[in-house]
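The lines below spell out each chain.
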Amino acid sequence: MRVYVCLATGFEDMEALGTLDVLRRAGVDARTVSMTGDVMVTTAHGVTVKCDELFEEADFDAAEMVVLPGGLPGATNLDAHEGLAAVLRGFSAKGKWVAAICAAPMVLGHLGLLDGRRATCYPGFESHLHGAATAGSPVEVDGRVVTGKGPGFTFDFALTLVAQLCGQAKADEVASGMLLK
């Protein structure tokens, strides 16, 4: 099962790489996708990461989930990417998973993908979650949409993704191996 973690300039390091790490520990084919046209993407904290694929090369039809890390200006860069908007609308229409953490749930909100759903985000971004019932919880799952609050909840978010994709037993196994439980 394939998951794409979309990286735009200024993404939050922990949210992207921590989630990627947890998904790979669970045996998920998790790949980083550069949204910039260059395989090298710089994080919000100045770390440069080499992505597995460019957006233009990614086979989104073969993926089960798209993950959007937050961070600024990463989340606003994701929000401005028209190709990503089309992918997210397609995933929603096909009943595939979409996940976003921190400031990135605003991308889903701006596309109307949170309408009538429970969602969470980094404090102060609630006004961007158009149509959502906002919650202060660390992670929300509503249908095939997963949202997370922020960097301190990266492992909660990532393990929730594993539970949704691979089952709770696999999420517990990964958490135990990481000494989280």
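Residues numbered from 1 in each chain as written. Predicted model: local features only at pLDDT ≥ 70, side-chain atom pairs only at ≥ 80, totals over all residues. Heavy atoms only, no water.

### Digging into the UniProt feature "domain: DJ-1/PfpI" (unreviewed entry) in the protein chain
And then number 1: Mapped onto this numbering, the UniProt entry gives "domain: DJ-1/PfpI" (unreviewed entry) at residues 1-164.
And then number 2: Helix makes up 30% of residues 1-164 and strand 26%, whereas the separation of the span's terminal C-alpha atoms amounts to 12 Å. (UniProt positions renumbered as here; feature names shortened; annotations may be inferred. Helix = DSSP H or I, 4+ residues; strand = E, 2+ residues; numbered from the N terminus.)

### Overview of the packing of helix α1 (residues 13-25) against helix α5 (residues 154-166)
And then number 1: Packing of α1 against α5 leaves a shortest axis separation of 9 Å and a crossing angle of 40 degrees. For the pair α1 and α5, the sense of crossing is right-handed. Of the residues in α5, those in contact with M14, E15, G18, T19, V22 and L23 of α1 are T154, F155, F157, A158, L159, L161, V162 and L165. (Axes fitted to C-alpha atoms, helices over the stretch in contact; angles between N-to-C directions. Left-handed = near helix turned anticlockwise from the far one by under 90°. Contact = heavy atoms within 4.5 Å.)

### What to know about the pairing of strand β10 (residues 139-142)
And then number 1: Pairing between β10 and strand β11 (residues 145-148): four bridges, direction antiparallel. Among the inter-strand pairings, E140 is bridged to a residue of β11, identified as T147.
And then number 2: The hairpin turn running from β10 into β11, its antiparallel successor, is two residues long, and G143 in that turn takes a positive phi close to 65 degrees. (Pairing = 2+ DSSP bridges.)

### Some words on the pattern of salt bridges
And then number 1: This model, assessed by the stated rule, comprises ten salt bridges.
And then number 2: Of the charged contacts, one joins D142 and R117 as a salt bridge, the two residues approaching to 3.9 Å between their closest N and O atoms. Of the two residues, D142 sits in strand β10 while R117 sits in the loop between α4 (105-110) and β8 (118-119), which places them 25 residues apart along the sequence.
And then number 3: Ionic contacts of the salt-bridge type, sharing partners, join the residues R2, D29, R31 and E53 into one network. (Salt bridge = Lys/Arg side-chain N within 4 Å of Asp/Glu carboxyl O.)

### Some remarks on the packing of α5 against helix α6 (residues 168-177)
And then number 1: At a closest axis distance of 7 Å, the pairing of α5 and α6 adopts a crossing angle of 145 degrees. Taken as a pair, α5 and α6 cross one another with a handedness that is right-handed. Residues L159, V162, A163 and C166 of α5 pack against Q168, K170, A171, V174 and A175 of α6.
And then number 2: For the contact of α5 with α6, the per-class residue count stands at seven nonpolar, one polar and one charged. (Nonpolar A, V, L, I, M, F, W, Y, C, P; charged D, E, K, R; others polar.)

### Looking at α5
And then number 1: Given a rise of 1.5 Å per residue, 13 residues ought to cover 18 Å, and the 18 Å separating the end C-alpha atoms of α5 matches this to within 8%.
And then number 2: Listed as buried for α5 are T154, F157, A158, L159, T160, L161, V162, A163 and L165.
And then number 3: Count one or two residues on from α5 and you reach G167, which has phi positive near 100 degrees. (Expected span 1.5 Å × (residues − 1). Buried < 20%, exposed > 50% of the residue type's maximum accessible area, 1.4 Å probe, protein only.)

### So, the side chain of D142
And then number 1: A relative accessible area of 17% means that D142 is categorised as buried.
And then number 2: One polar contact links the side chain of D142 to the main-chain amide nitrogen of R118, over a distance of 2.8 Å.
And then number 3: With residues near it in sequence (within four places) discarded, D142 still touches G116, R117 and R118. (Polar contact = N/O pair within 3.5 Å; in protein donor to acceptor, adjacent residues only side chain to side chain.)

### Some words on the environment of A62
And then number 1: Tracing the backbone shows A62 in the loop between β5 (53-54) and β6 (63-68).
And then number 2: For A62, a relative accessible area of 35% puts it in the partly exposed group.

### Concerning the sheet that holds β6
And then number 1: An order of β5-β2-β1-β6-β7-β11-β10 is seen for the seven strands of this open sheet, with the pairing classed as mixed. Whereas interior strands pair on both sides, the edge strands pair on one side only; in this sheet they are β5 and β10.
And then number 2: For β6 and strand β7 (residues 97-101), the ladder comprises four bridges, and the chain directions are parallel. Directly across from M65, in β7, lies its bridge partner W97.
And then number 3: Contacting β1 (2-7), β6, β7, β10 and β11, α5 runs over the sheet at an angle of about 175 degrees to β7.

### Observations regarding the side chain of E12
And then number 1: Looking at where E12 falls in the secondary structure, it is placed in the loop between β1 and α1.
And then number 2: Summary of buried charges: E12 has no salt-bridge partner, and the nearest side chain of opposite charge, K149, is 16 Å away.
And then number 3: Within the local environment of E12, its side chain forms a polar contact with the backbone nitrogen of M14, the two atoms lying 3.2 Å apart.
And then number 4: A polar atom in the side chain of E12 sits 3.3 Å from the side chain of H45.
And then number 5: Once residues lying within four places of it in the same chain are set aside, the contact partners of E12 are H45, P69, G70, G71 and P151. (Lys, Arg positive; Asp, Glu negative; His and termini not counted.)

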